[in-house]
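Understanding the architecture of this molecule
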Amino acid sequence: MKKLLTLLLALTTAASLAACGAPETPAEPSEPAPSASEPAEESSEPEENEAEPAAMPGQERLSVADASRFLGTVEDFAVDDAGQTVLLMRRAAGSDLPQELKVTLTEDTNYGFDGAQLGNGAFLEVYYGGEPDETGAVDAIAVNDLISEDLVVYNGTLVEITTDPEKEEGCSLLLDPLTEDGMQYVFHVDESTQFYLDFASLKAGDKLHVIHSPASTRSLPPQSAAWEISPYTEPEAGELPAPAAEAPADGGDALVEAPLGSPENPIASEPAAE
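Residues numbered from 1 in each chain as written. Predicted model: local features only at pLDDT ≥ 70, side-chain atom pairs only at ≥ 80, totals over all residues. Heavy atoms only, no water.

Within this structure, the stated rule accounts for five aromatic pairs. Each ring, one from Phe195 and one from Phe199, has its centre 4.7 Å from the other, and the planes form 70 degrees; the classification is edge-to-face. Of the residues examined, Phe195 reaches a relative accessible area of 3% and is grouped as buried. Taken together, the ring pairs in this structure connect Tyr154, Tyr185 and Phe187 into an aromatic cluster. Lying across the ring of Trp227, Arg61 places its NZ or CZ 4.0 Å from the centre. (Phe/Tyr/Trp six-rings, centres within 6.5 Å; stacked < 30°, edge-to-face > 60°. Buried < 20%, exposed > 50% of the residue type's maximum accessible area, 1.4 Å probe, protein only. Lys NZ or Arg CZ within 6 Å of the ring centre and 35° of its normal.)

Written out as structure tokens, the structure is:
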């Protein structure tokens, strides 16, 4: 009986993949299209079940072709000899990106949000180019604010793939959380979703790393639009989830700049007082 159930589950998943169109993984994965951040088109749920976007009102999600990309949380910042702000960032848990990256914000950096509100704890999508300088920092071309890691990152195990008979394209993925305090989630996939894996080979039990819209339905399980899906990568020893973003206190500046290369530490561990 157990073998029969396993066979039936495999056949069901295969049928769902075929109906979903099994999008081809690009040789050079392109970045999520700006239209993917529009919450009005992210879910098949009726409008009355839609949650309001958690943030990003009036923001534009920038994309830079042929540029390197990093998603992570701002843990600290400093100022280099040229007076430019340097961010010390940590990757999103479950991703295969470098564990840390230093990012220089130059006068040519473009922002998809109000850069004055940037501060410790912010979860950013950074496009950058060129080789790291002598300090190991790269120059940011464009920066998007994705609010906080816990709102747009989900690591889970694939349970099943389903399709909507009323739609010709797209499908939905039901995932179980990898953390004990997490909950099941449904992610809707369409032509804008970027895959960093072979979608056609997905099967129940696969561990996935999902970047998704911060807007989700109030249903159980919650539902959201998947911006990108990649294999889950086990964190390094001692690697912890990033903290939630914190708003500037008393309307003050979000970034309090500290000198780079101080005798105590090349990246100041505590922001200098204003």
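After presenting the structure, the write-up continues.
Right, let's get into the pairing of strand 8 (residues 171-177). The buried fraction of strand 8 amounts to five of the seven residues, a majority that puts the element mostly inside the structure. As paired elements, strand 7 (residues 153-162) and strand 8 share six bridges and run antiparallel to each other. Looking at strand 8, one finds that Leu158 is bridged to Leu175. (Helix = DSSP H or I, 4+ residues; strand = E, 2+ residues; numbered from the N terminus. Pairing = 2+ DSSP bridges.)

Attention now goes to the side chain of Ser213. The residue Ser213 is located in the loop between strand 11 (207-212) and strand 12 (223-231) in this model. At 3.1 Å, the side chain of Ser213 forms a polar contact with the backbone nitrogen of Ala215. (Polar contact = N/O pair within 3.5 Å; in protein donor to acceptor, adjacent residues only side chain to side chain.)

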